Amino acid sequence: MEAKFISHDDTTGWLDALSEQHVVLAPMWDNTVVTFRPHVKGRTPVLDRMPVLPPKEGVFPQNEMLLKYKYDKDPENLDRTSVQVKETLPQDTAVVVGARPCGTRGMTVFDRVYNCEKIRDPYYVGRRENTLFVTVACTRIESTCFCHDVGSHPADAEASDVLLVPVAGGYVAEPVTERGNALLDSPFFAPAGERSAEAAEVKEKNRAKLPAAHDYTGCGEKLMDRFNDLAFWEEQSAKCISCGACTYLCPTCYCFNITDESVGLTGKRLRTWDNCMSFQFTLEGSGHNPRPTKAHRLRNRVNHKFAYYPDLHGGAIACCGCGRCIKSCPVSVDIRAIVRAAQTYTPKPAPEGGDER
Amino acid sequence: MSTLEQLKEQIRKALPDLDVVIGWEQGYDAMHATPLFIREEADIDRLIWSPLCVHSLGTYLTGLTKSSKVQKVGLVVKGCDSRAIVQLTQERMIPRENVTLFGVGCSGCLSHARLEYKVEQGGHYVEDMHAITFNGDKVEVAVDGGVESFDFDTVCLEKCLTCRFPNAIATEHFAGEEVPVAPKREKAPSLEAFEKLPLDERFAFWQDQMRRCVRCYACRNTCPMCVCRDHCISTSRNPHWVSQEASTAENFMFQMIHTMHLAGRCIECGECQRACPVDLPIMLFRRTMVHAVKDTFNYVSGADPEATPPLLTFKAEEDNINERGW
Ligand code: SF4
Ligand code: SF4
Ligand code: SF4
Ligand code: SF4
Ligand code: SF4
């Protein structure tokens, strides 16, 4: 497989061509912010920044119809109803263009859960296998970026099919998978030649922009040491307002909710993103909630990513370090600071607290 | 003594009688502040007061004052923030006697969204901003090794342009000098522009905007006046009033719920829009409602502790509603 070059001007033409065969999701100005949107012919994608919303939408959409249903009432006996159900498995092939390495890498967190020996989620797998990721290496490192703390870097190609590295005048496109390589088989590309060396420099330079990596080794145990220390979690969650910004924007948050949305006698069964910071998360039918306060819920979000998930999946941290949850949190809750607080915890002289339940 | 020093002094004196005082501290970088929960004297050192202190801390009250552990709460409040407390008190939503307010006079807060837009327009990357100084009516930002200067009015929150209550009202303490009441605009410029659109264009505007709402409810949860908290009808499962589907129509529906439930209550703090991760201009709804309430009931929410909110009273015959004429 050979690296290719595509000019800025040709990028839109390439996406136009791709969109004839696939659903192409690309970052676009959506009024004042950049979000992933279906590519519209002729519209230039915005590839110079991290989109506000995560690329998971391409494989795990916020609204996924699982099935449609229709009730029929027996006109002879109105107490008798029959129901027709139609499964709606995803059929499209898709290309997600313009995710950052962190966002694309977020899909690996999903894969271990929805496409493994125990579970093969047909909707997830259906989309995942039919979706390719064309990722753009980062040149703009933000104060909230910490991919390097969680074992990645600004040019990481893990889970990508193609990596675009910004160079003068365009991108060096490095194929990562065979299917990615096939995407580059297009007249818009020329051999990268000497530009490959420039691409290597760009990667090097941007990697160097990040500060020294924080060591999360052993953070899972440290977080679990604090599991029953609700005072710790109350302190950490005091300013949290229990919204869904952090989880909905997170490339690795994979919890979902299923509801039946009916209109009259017809309706659809819908899978939507769930949010562990909400009071409704794990709210049981009886009205009991094992996570009754925001302290319990923030504990779940942080521990899930840095303790429970790594424990179940060979040490893999379920956070790709994109920083969206920090940047978009209305009150600037910083997940890095919470994990660090657990790592460096020293008991206070007179501990207070206990379980509020 | 600076406002901040006075504020610290007042908090230091009051802290022994309070379980917590909420103010602001520096956040994860030079550009952001974050709420600070002061429980011990040592925490007071971290307190800051600047145009970065955007958050309306009254949003924590309805939750905190219900907690068994926290009885007495102190809050640092700007003018707009204090209006939320006045309104919540009138509605008997908070035990006001357990709340101690530390008021300040405010010359406006920074809109990160507007500043970032300006900085990009100037050919810089927003992540290269590494320091910010507020210098009277100028904002100076260290970016790319140089300094960019902006008029504060061009990068402040829009609400600050129309603010008539910059000084906190009905507080127990007040730090620093009162600032002059000098609204720069009669009406928010964005609303003025929006109202010029014909009806069909307004509808198209919202269809284009509301599509990207992810229904994270940050707008609702950050709102100091949203008191239903865990029991909001928008997320109640049973009954399932509002669909889980994040579609344009459902998203719009939720905004209508929020706006209607805030009728005569919204104090125009703008927190809902500031909190929105996808920058939806939802203050247009809130401001429209605020103007409607003013026109109909001649009432300004949270402005006068002695007033009775229109929805908490009843008149057989409203002055400005011609009910018989219907
Ligand atoms: S975005 Fe921030 S305030 Fe909202 S739930 Fe997450 S941590 Fe809490
Ligand atoms: S937890 Fe935060 S930083 Fe980590 S992947 Fe999710 S949004 Fe990004
Ligand atoms: S904060 Fe914004 S995205 Fe979230 S629910 Fe409100 S309007 Fe929608
Ligand atoms: S609706 Fe918005 S402006 Fe009105 S009180 Fe709530 S957060 Fe403030
Ligand atoms: S939108 Fe209405 S019901 Fe929901 S929290 Fe706000 S005031 Fe309560």
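Note that the structure is a prediction, hence the values are computed from the model and not measured.

**Q** Is there a simple way to think about the pairing of strand β2 (residues 33-38) of chain B in this case?
**A** For a regular strand, side-chain orientation follows a simple rule: the groups alternate between the two sheet faces. Among the six residues of β2 of chain B, six are classified as buried, and the element is accordingly described as predominantly covered. Between strand β1 (residues 20-26) of chain B and β2 of chain B, which pair antiparallel one after the other, the connecting turn spans six residues.

**Q** Any chance you could explain the site of ligand 2 here in plain terms?
**A** Near ligand 2 you find F146, C250, P251, K305, C319, C320, G321, C322, G323, R324, C325 and I335 of chain A, and these make up its full shell. Looking at side-chain class alone, the shell around ligand 2 contains eight nonpolar, two polar and two charged residues.

**Q** Can you walk me through the sheet that holds strand β4 (residues 63-74) of chain A in this structure?
**A** Across a sheet, strands are paired by hydrogen bonds formed along the backbone, either parallel or antiparallel in direction. Residues and elements named next belong to chain A. Overall, antiparallel pairing links the four strands, which are arranged β5-β4-β12-β11 in an open sheet. Each edge of the open sheet carries a strand with a single partner, namely β5 (77-87) and β11 (256-263). Put simply, the sheet's adjacent strands are angled 25 degrees from each other on average, direction ignored. In the sheet, β11 pairs with strand β12 (residues 266-273) via eight bridges, with the strands oriented antiparallel. Residue pairing in the sheet places I258 in a bridge with R271 of β12.

**Q** Could you clarify how one ought to interpret a nonpolar patch on the surface in this entry?
**A** On the surface, a cluster of nonpolar side chains totalling about 350 Å² of accessible area is made up of Y71, V83, V85 and L265 of chain A. Judged by relative accessible area, Y71 of chain A falls into the partly exposed class, the value being 36%.

**Q** It is not clear to me how the environment of E5 of chain B should be interpreted in this structure. Could you clarify?
**A** Turning to its location among the elements, E5 of chain B is positioned in helix α1 (residues 3-14). Between the C-alpha atoms of E5 of chain B and I48 of chain B, which are 43 residues apart in sequence, the distance is 9.6 Å.

**Q** Looking at this structure, I do not really get helix α12 (residues 283-297) of chain B. What am I missing?
**A** An α-helical turn contains 3.6 residues, so any two residues separated by three or four positions project in the same direction. Residue and element names in this part refer to chain B. Relative to the 21 Å expected for 15 residues at 1.5 Å per residue, α12 spans 20 Å between its end C-alpha atoms, a close match to the ideal helical length. Inspection of α12 places M283, L284, F285, R286, R287, M289, V290 and V293 among the buried residues, and these make up the whole buried set. For α12, the elements touching its buried residues are α6 (158-161), α7 (189-195), α8 (199-210), α10 (248-261) and α11 (271-275). Looking at the residues trailing α12, positive phi occurs at N298, about 50 degrees.

**Q** Just to check I follow, could you spell out the pattern of salt bridges for this structure?
**A** Counted by the stated rule, this structure contains 40 salt bridges over all chains. Between D72 of chain A and K70 of chain A there is a salt bridge, and its shortest N-O distance comes to 2.9 Å. We classify D72 of chain A as partly exposed; its relative accessible area is 24%. Of the charged contacts, one joins D153 of chain B and K184 of chain B as a salt bridge, the two residues approaching to 3.4 Å between their closest N and O atoms. Taken together, the positions of D153 of chain B in helix α5 (residues 152-155) and K184 of chain B in the loop between β8 (173-175) and α7 put the pair 31 residues apart, joining distant regions of the chain. For D153 of chain B, a relative accessible area of 31% gives the class partly exposed. Judged by relative accessible area, K184 of chain B falls into the exposed class, the value being 52%. Each of D30 and R37 of chain A together with D208, R211 and R212 of chain B takes part in salt bridges that share partners, so that together they form one network.

**Q** Is there a simple way to explain the nonpolar core in this structure?
**A** It is characteristic of soluble globular proteins that their nonpolar side chains tend to be buried jointly. Within the largest apolar cluster, 145 residues are counted, with the highest numbers of intra-cluster contacts made by F306 of chain A together with L7, I11, I22 and L115 of chain B. Ranked by residue count, the leading element in this core is helix α9 (residues 294-312) of chain A, at six residues. If near-sequence neighbours (up to four positions away) are discounted, L7 of chain B is found in contact with L47, W49, V76, F102, V104 and A175 of chain B. Core analysis: the second largest hydrophobic core is formed by 19 residues, W14, A26, V162 and A173 of chain A among them.

**Q** What exactly am I supposed to notice about the domain arrangement of chain A here?
**A** A common measure of how large an interface is: the accessible area buried when the components associate. All names here are of chain A. Partitioning chain A into domains gives domain 1 (4-61 + 91-209) and domain 2 (219-258 + 274-343). On a C-alpha basis, the centres of domain 1 and domain 2 stand 27 Å from each other. Taken together, the contact pairs 25 residues of domain 1 with 27 residues of domain 2. When the buried area of domain 1 at its contact with domain 2 is split by residue, V109, T144 and F146 rank highest and sum to 26% of it. Counting across the domain 1 and domain 2 interface gives one salt bridge. Measuring nitrogen to oxygen at the nearest pair gives 2.9 Å for the salt bridge that ties K327 to E142. Linking domain 1 with domain 2 are 12 residue pairs in polar contact (both at pLDDT 80 or more).

**Q** When you look at the packing of aromatic side chains in this model, what are you seeing that I'm missing?
**A** How two aromatic rings sit relative to each other is given by the distance of their centres and the angle of their planes. Scanning the entire structure with this criterion turns up 25 aromatic pairs over all chains. When the ring of F37 of chain B is compared with that of Y60 of chain B, the centres are 5.1 Å apart and the planes differ by 75 degrees; the resulting orientation is edge-to-face. One end of the pair, F37 of chain B, is in strand β2; the other, Y60 of chain B, is in the loop between β2 and α2 (61-64), with 23 residues separating them in the sequence. Within the aromatic cluster, the residues linked to one another by ring pairs are F60, F110, Y114, Y124, Y254, F256 and Y309 of chain A. A cation sits over an aromatic face here: K56 of chain A above W273 of chain A, 4.6 Å from the ring centre. One cation-aromatic arrangement involves R226 of chain A over Y345 of chain A; the distance from NZ or CZ to the ring centre is 3.6 Å.

**Q** Would you explain the environment of E235 of chain A in this entry?
**A** Take E235 of chain A: it is sitting in helix α7 (residues 230-237). Sequence separation between E235 of chain A and P166 of chain A is 69 residues, and the spatial gap between their C-alpha atoms is 42 Å.

**Q** Just to check I follow, could you spell out the sheet that holds strand β2 (residues 23-30) of chain A for this structure?
**A** Residues and elements named next belong to chain A. One open sheet accounts for eight strands, arranged β3-β2-β6-β7-β8-β9-β1-β10; its pairing is mixed. Each end of this open sheet is capped by a strand with a single partner; those strands are β3 (33-38) and β10 (190-191). For β2 and strand β6 (residues 94-99), the ladder comprises three bridges, and the chain directions are parallel. Directly across from V24, in β6, lies its bridge partner V95. Sheet contacts for helix α2 (residues 101-114): β6 and β7 (131-136); angle to β7, the most-contacted strand, approximately 150 degrees.

Cut-off values and rules
Each chain carries its own residue numbering, running from 1 in the direction its sequence is written. As they are written, the chains are lettered A onward and the ligands numbered 1 onward, keeping that order. In keeping with the model being predicted, local features are shown solely for residues with a pLDDT of at least 70 and side-chain atom pairs are shown and tallied solely at 80 or more, while totals for entire chains, interfaces and linings include all residues. Only heavy atoms go into the side-chain values, all of them from the structure, while hydrogens and water stay out. Summary of the burial criterion: residues with accessible area below 20% of their type's maximum are buried, those above 50% are exposed, and those between are partly exposed, where the area comes from a 1.4 Å probe applied to protein chains only. A run of H or I in DSSP becomes a helix once it reaches four residues, and a run of E becomes a strand once it reaches two; helices and strands are each numbered from the N terminus. We call two strands paired when DSSP finds no fewer than two bridges between them. Any residue with a non-hydrogen atom lying within 4 Å of a molecule or strand is treated as near it. When residues are sorted by character, Ala, Val, Leu, Ile, Met, Phe, Trp, Tyr, Cys and Pro go into the nonpolar class, Asp, Glu, Lys and Arg into the charged class, and all the rest, Gly among them, into the polar class. Structural elements are reduced to axes, namely lines fitted to C-alpha atoms, with helices fitted over the stretch in contact, and the angle between N-to-C directions of any two is expressed from 0 to 180 degrees. Think of a patch as exposed residues, more than 30% relative accessible area, with no salt bridge, where like charges cluster within 9 Å and nonpolar side chains (Val, Leu, Ile, Met, Phe, Trp, Tyr) cluster within 5 Å. Note on areas: Shrake-Rupley with a 1.4 Å probe; residue coverage comes only from the protein chains shown. Should a side-chain nitrogen of Lys or Arg be within 4 Å of a carboxyl oxygen of Asp or Glu, the pair is scored as a salt bridge. Under the convention used throughout, the expected extent of a helix is 1.5 Å for every residue step, that is, one less than its residue count. Contact criterion: two residues are considered in contact whenever any of their non-hydrogen atoms come within 4.5 Å of each other. Here, nonpolar core refers to any group of buried Ala, Val, Leu, Ile, Met, Phe, Trp, Tyr and Cys residues whose side-chain atoms link them within 4.5 Å. Each domain's limits were defined by an automated method or a database of domain assignments. Joining two parts hides part of their accessible area as seen by a 1.4 Å probe, and the buried area is that hidden amount summed over both. Counting of polar contacts relies on pairs of N or O atoms within 3.5 Å, with two restrictions inside protein: one atom must be capable of donating a hydrogen and the other of accepting it, and residues adjacent in sequence are counted only when both atoms are side-chain atoms. Aromatic rings from Phe, Tyr and Trp, taking only the six-membered ring of Trp, are treated as a pair when their centres fall within 6.5 Å; an angle between ring planes under 30 degrees marks them as stacked, one over 60 as edge-to-face, and anything in between as tilted. Only lysine NZ and arginine CZ atoms are considered, and such an atom sits over a ring when it is within 6 Å of the ring centre and within 35 degrees of the ring normal.

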